[in-house]
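Descriptive analysis of the structure
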Amino acid sequence: MNNSPILFFDSGIGGLPYLEWLKVRMPEESFIYIADNKNFPYGTKSREQLIDIIHDTMDEAVDKYSPKASVIACNTASVISLDHLRSNFDFPFIGVVPAIKPAAFLSENKKIGLMATNRTIEDKYTEKLIIEHASDCEVFRYAGTEIIDFIENELSSAKSGERETVIDPAVKFFHEKEVDIVVLGCTHFLLLENELQNALGPQIKIIDSREGVGRQIVRVLKDKDILSAKKQSDLFVLTGQGDEEKKIKNYRWISKKYGLCAV
Ligand code: DGL
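These numbers come from a predicted model, not from an experiment. (Residues numbered from 1 in each chain as written. Predicted model: local features only at pLDDT ≥ 70, side-chain atom pairs only at ≥ 80, totals over all residues. Heavy atoms only, no water.)

Some points on unusual backbone geometry
Note the cut-off: Helix and strand definitions here come from DSSP, where helices need a minimum of 4 consecutive H or I residues and strands a minimum of 2 consecutive E residues; each element is numbered from the N-terminal end. When a residue's accessible area, from a 1.4 Å probe over protein chains only, is under 20% of the maximum for its type it is buried; when over 50% it is exposed; and in between it is partly exposed.
Residue proline 41 is reached from phenylalanine 40 by a cis peptide bond, and omega for that bond is 0°. Considering the arrangement of structural elements, one finds proline 41 in the loop between β2 (31-35) and α2 (47-65). Non-glycine residue glutamate 178 carries a positive phi angle of around 55°. As for its position among the elements, glutamate 178 is in the loop between α8 (162-177) and β7 (181-184). Although it is not a glycine, aspartate 225 adopts a positive phi angle of roughly 55°. With respect to the helices and strands, the residue aspartate 225 is situated in the loop between α10 (210-223) and β9 (235-238). With relative accessibility at 52%, the residue aspartate 225 sits in the exposed group.

Printed below as a string of structure tokens:
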């Protein structure tokens, strides 16, 4: 038994749907959600920059919260830094990487769409995933930088139609490529999942890694015998101050939506 918290980590608010999946299923566990908004966005930074940023942010979080395990609820951070984190910190890490393997299995026409950050799309880890698990598929990659920025900063203040407008170029791209499945390879996109599904239409499936990651964390906690017996409070922590009223409003709105106490 171990009542210490599980630390969720993302460059911003994208990892919250991953946290929600686990929160519902493991009501005894306590969660600290770190949104590294000081360093947002990750997707446009270099590998070296990201390893330094993620290491330092994790170091501070470990000092403050002494987690028993961590979910890197960010595809970009996971593909870049999981090995580094595992060899530098002495608790288990569970990563979130694009669901290429199940997508290749589910695709009937063997045309897969991958929506992610620039960094994830270009990274050799993603290339390896595709070679290993989707060599019989064509994978069409779309870097959704504007969409990620919109979600992080403007989701709560968006006017009618703005959500649809921001995803429109991605939707057109996937329609043109005639994919039958789209992998949400950046956690932020889950916050526009319904809008994406409506715009893509019923003939295109959407897939993410929530269930696989959730099941993996449950397995790790059980195997290591570190399940919690008593819940403490859940916290939503920002690493920086939002520098604009609309951004601050967005953080307040989202932490409330997910039932977390903002720090
Ligand atoms: N949420 C992140 C991901 O899953 C990245 C967003 C960003 O900071 O660019 O890749």
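Okay, back to it.
Regarding empty space enclosed by the protein
Rules: Using only the protein atoms, space was sampled on a 1 Å grid; points where a 1.4 Å probe fits but cannot get out form cavities, open sets with protein on both sides within 12 Å along at least five of seven lines form pockets, and lining residues are those with an atom within 4 Å of a point. Grid points are joined across faces, edges and corners, and a volume is the space filled by probe spheres set on the points. Note that Gly is not counted as nonpolar here; it falls among the polar residues with everything else outside the nonpolar set of Ala, Val, Leu, Ile, Met, Phe, Trp, Tyr, Cys and Pro and the charged set of Asp, Glu, Lys and Arg.
As enumerated under the stated definition, the model contains one cavity of 30 Å³ or more in all. Roughly 40 Å³ of internal volume is contained in the largest cavity. If you trace the largest cavity, you find it lined by Phe8, Tyr18, Trp21, Leu22, Val71, Arg210, Val213, Gly214 and Ile217. For the lining of the largest cavity, the secondary structure elements donating two or more residues are α1 (16-25) and α10. In terms of residues, the lining of the largest cavity owes the most to one element, α10, which gives four residues. A breakdown of the residues in the lining of the largest cavity according to their chemical character gives seven nonpolar, one polar and one charged.

Re the sheet that holds strand β4 (residues 93-95)
Applied cut-off: A pair of strands counts as paired when DSSP detects no fewer than two bridges linking them. By definition in these notes, contact holds between two residues if any of their heavy atoms fall within 4.5 Å. Between N-to-C directions, angles cover 0 to 180 degrees, with each direction set by a line fitted to C-alpha atoms, over the stretch in contact for helices.
Ordered in space as β4-β3-β1-β2-β9-β10, the six strands form an open sheet in which the pairing is parallel. This sheet does not close on itself; its edge strands, each paired only once, are β4 and β10 (261-262). Examined bridge by bridge, strand β1 (residues 6-10) and strand β3 (residues 69-72) share four bridges and lie parallel to one another. Note that in β3 the partner of isoleucine 6 across the bridge is alanine 69. Where α2 meets the sheet, its contacts fall on β1, β2, β3, β4 and β9, and the angle it forms with β1 comes to roughly 155°.

Here we look at the nonpolar core
Formally: By nonpolar core we mean a set of buried residues, namely Ala, Val, Leu, Ile, Met, Phe, Trp, Tyr and Cys, connected to one another through side-chain atoms within 4.5 Å.
With 54 residues, the main nonpolar core has Phe8, Met115 and Ile147 as its most contacted residues. Not counting chain neighbours up to four residues away, the residues in contact with phenylalanine 8 comprise Gly15, Tyr18, Leu19, Leu22, Phe31, Ile32, Tyr33, Ile34, Val71 and Ala73. If you look at the next biggest cluster of nonpolar residues, it comprises 40 residues, including Phe9, Ile53, Phe93 and Leu235.

Considering the site of the ligand
The condition that has to hold: When we say a residue is near a molecule or strand, we mean one of its heavy atoms is within 4 Å of it. Under the rule applied, a polar contact is a pair of N or O atoms within 3.5 Å (in protein, one hydrogen donor and one hydrogen acceptor; residues adjacent in sequence only if both atoms are side-chain atoms). Each accessible area value is a Shrake-Rupley result obtained with a 1.4 Å probe; residue values ignore everything except the protein chains displayed when judging cover.
Around the ligand, a shell composed of 14 residues is seen, among which Ser11, Tyr42, Thr76, Thr187 and His188 lie nearest. Within the contact set of the ligand, an oxygen atom lies 2.9 Å away from a backbone nitrogen or oxygen of glycine 43. For the ligand, an oxygen atom lies 2.8 Å from a polar atom in the backbone of threonine 187. Relative to its unbound accessible surface of 300 Å², the ligand loses 99% to contact with the protein. A breakdown of the residues in the shell around the ligand according to their chemical character gives six nonpolar, seven polar and one charged.

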